[in-house]
Amino acid sequence: MNRAGVLAAIAAAGLPPAVAAYLAAFAAGRAPSQLRRDLKRAPAEVAGGLAALLRQAAAVLARPPESVLFETGFCPNNLAPERLEAAMAELRAAVFLAAEGFQEIRLLPPCKSRSADLAARRGAAAYAFEVRRVGEGAALPALAGKCRDKLRQAAVSRKRGGLTHCGVILVTGAGGFGPLARAPRQEAAAAGVYAAAGSPARAHVCLLAGGLCGVWPAW
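Residues numbered from 1 in each chain as written. Predicted model: local features only at pLDDT ≥ 70, side-chain atom pairs only at ≥ 80, totals over all residues. Heavy atoms only, no water.

Considering the overall build of the chain
Part 1: Each helix and strand counted, the chain has seven helices and seven strands in total.
Part 2: For the chain, the sequential pattern of α-helices and β-strands runs α-α-α-α-α-β-β-β-α-β-β-α-β-β.
Part 3: With respect to the principal axes defined by its C-alpha atoms, the chain has extents near 50 × 35 × 30 Å.
Part 4: When the 219 residues of the chain are sorted by exposure, 48% land in the buried category.
Part 5: At a minimum sequence separation of 6, the contacts of the chain that also span at least 24 residues come to 64%.
Part 6: For the chain, the exposed area adds up to about 10,100 Å²; of that, 56% sits on carbon and sulfur atoms.
Part 7: The chain carries 27 positive and 14 negative side-chain charges, and their two centres are separated by 5 Å. (Helix = DSSP H or I, 4+ residues; strand = E, 2+ residues; numbered from the N terminus. Buried < 20%, exposed > 50% of the residue type's maximum accessible area, 1.4 Å probe, protein only. Contact = heavy atoms within 4.5 Å. Areas by Shrake-Rupley, 256 points an atom, 1.4 Å probe, with all protein chains shown as cover. Lys, Arg positive; Asp, Glu negative; His and termini not counted. Charge placed at Lys NZ, Arg CZ, Asp CG, Glu CD.)

Below you can see the structure in the form of structure tokens.
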């Protein structure tokens, strides 16, 4: 779609003004980005999906929709595609955890030392979660390496916060806005990543891929 059409779709999506302004500037960028390509191909779908994600995440996190994206540590002056996609992945992860029965879900403030992105509670268990966006089609060794590093960070936050469990949420691809459904393929992939990462105790691997998800081991 031409630029005027993309801007019109963004304006009509019901996004908070600061996010709409950012997305309009992002659409004009030139750095390679699947999310930008999707936005230009189907602007109403992507902009509308982002607006819905902000509303859902705001409700889960008890934060205002106009600020929840930026409360991930995302800077509105940073037009690098990976930064927007990483922030969206954190919000997607928060919505996923709510659907999985977690409560008291909150963003952990960014800090100079390594720390987890989200904290949440499920029954008597208190969790620290690291979120990592990964490219579609990433091979198991690459996923396992990223997961191993992120699990270490989550474990540090678990100990520092006096929590009982930790986990890594791997979000593949550039977006994905609709509801998630458990799928055997994603469950098996999460189990493979968990085993390759050393099968750490009191830890979980979650894989979100489009509208499908998997968790290993079970909560």
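Structural notes on the side chain of Thr-72
Part 1: Positionally, Thr-72 belongs in the loop between α4 (43–61) and α5 (81–99).
Part 2: Since its relative accessible area comes to 8%, Thr-72 is described here as buried.
Part 3: Reaching out from Thr-72, the side chain makes a polar contact with the backbone nitrogen of Phe-74 at a distance of 3.4 Å.
Part 4: With residues up to four places along the chain from it excluded, the contact list for Thr-72 reads Ala-87, Glu-90, Leu-91, Leu-107 and Pro-110. (Polar contact = N/O pair within 3.5 Å; in protein donor to acceptor, adjacent residues only side chain to side chain.)

What about the packing of aromatic side chains?
Part 1: Evaluated as defined, the whole model comprises nine aromatic pairs.
Part 2: Summarising the aromatic geometry, the rings of Tyr-22 and Phe-26 are spaced 6.2 Å apart at their centres and angled 20° between planes, so their arrangement reads as stacked. With a gap of four residues between them, Tyr-22 and Phe-26 both fall in helix α2 (residues 17–27), about one helical turn apart. Phe-26 carries the same exposure label as Tyr-22, and that label is buried.
Part 3: Between Phe-129 and Trp-219, the ring centres sit 6.1 Å apart and the planes meet at 85°, which makes this aromatic pair edge-to-face. (Phe/Tyr/Trp six-rings, centres within 6.5 Å; stacked < 30°, edge-to-face > 60°.)

Some thoughts on the pattern of salt bridges
Part 1: Counting across every chain of the model gives eight salt bridges.
Part 2: With a closest N to O distance of 3.1 Å, Arg-133 and Glu-85 form a salt bridge. Linking Arg-133 in strand β3 (residues 125–134) with Glu-85 in helix α5, this pair joins segments that are 48 residues apart in sequence.
Part 3: The partner of Asp-149 in a salt bridge is Arg-152, with the nearest N and O atoms 2.9 Å apart. Taken together, the residues Asp-149 and Arg-152, both in helix α6 (residues 140–160) and three residues apart, mark about one turn of the helix.
Part 4: Beyond isolated ion pairs, a larger network of salt bridges with shared partners links Glu-100, Arg-182 and Glu-187. (Salt bridge = Lys/Arg side-chain N within 4 Å of Asp/Glu carboxyl O.)

A short note on the packing of helix α3 (residues 34–41) against α4
Part 1: Between α3 and α4, the least distance of the axes is 5 Å, while the angle of their chain directions is 120°. Together, Leu-35, Asp-38, Leu-39, Lys-40 and Arg-41 of α3 and Pro-43, Val-46 and Ala-47 of α4 make up the contact between the two elements.
Part 2: Of the residues that constitute the contact of α3 with α4, the class distribution is five nonpolar, no polar and three charged. (Axes fitted to C-alpha atoms, helices over the stretch in contact; angles between N-to-C directions. Nonpolar A, V, L, I, M, F, W, Y, C, P; charged D, E, K, R; others polar.)

Points about the pairing of strand β6 (residues 203–209)
In regular strands, side chains alternate between the two faces of the sheet.
Part 1: β6 sits mainly inside the fold: seven of its seven residues count as buried.
Part 2: By the alternation rule, side chains of β6 split into Ala-203, Val-205, Leu-207 and Ala-209 and His-204, Cys-206 and Leu-208, which are all buried.
Part 3: As paired elements, strand β4 (residues 165–172) and β6 share seven bridges and run parallel to each other. Bridging from a neighbouring strand, Val-168 pairs with Val-205 of β6. (Pairing = 2+ DSSP bridges.)

Focus: the state of the cysteines
Part 1: A full pass over the atoms with the stated rule returns zero disulfides.
Part 2: Not engaged in a disulfide, the cysteine Cys-147 finds its nearest cysteine sulfur in Cys-206; these two sulfurs lie 9.2 Å apart. (Disulfide = S-S within 2.5 Å.)

Concerning α3
Part 1: When we look at burial in α3, the residues that qualify are Leu-35, Arg-36, Asp-38 and Leu-39. All buried residues of α3 fall inside an arc of 160° around its axis, so they share one side.
Part 2: For α3, the secondary structure elements touched by its buried residues are α1 (3–12), α2, α4 and α5.
Part 3: You can read the cap of α3 off the contacts: a side-chain oxygen lies 3.3 Å from the backbone nitrogen of Leu-35, and it is on Ser-33. (Arc of directions from axis to C-beta.)

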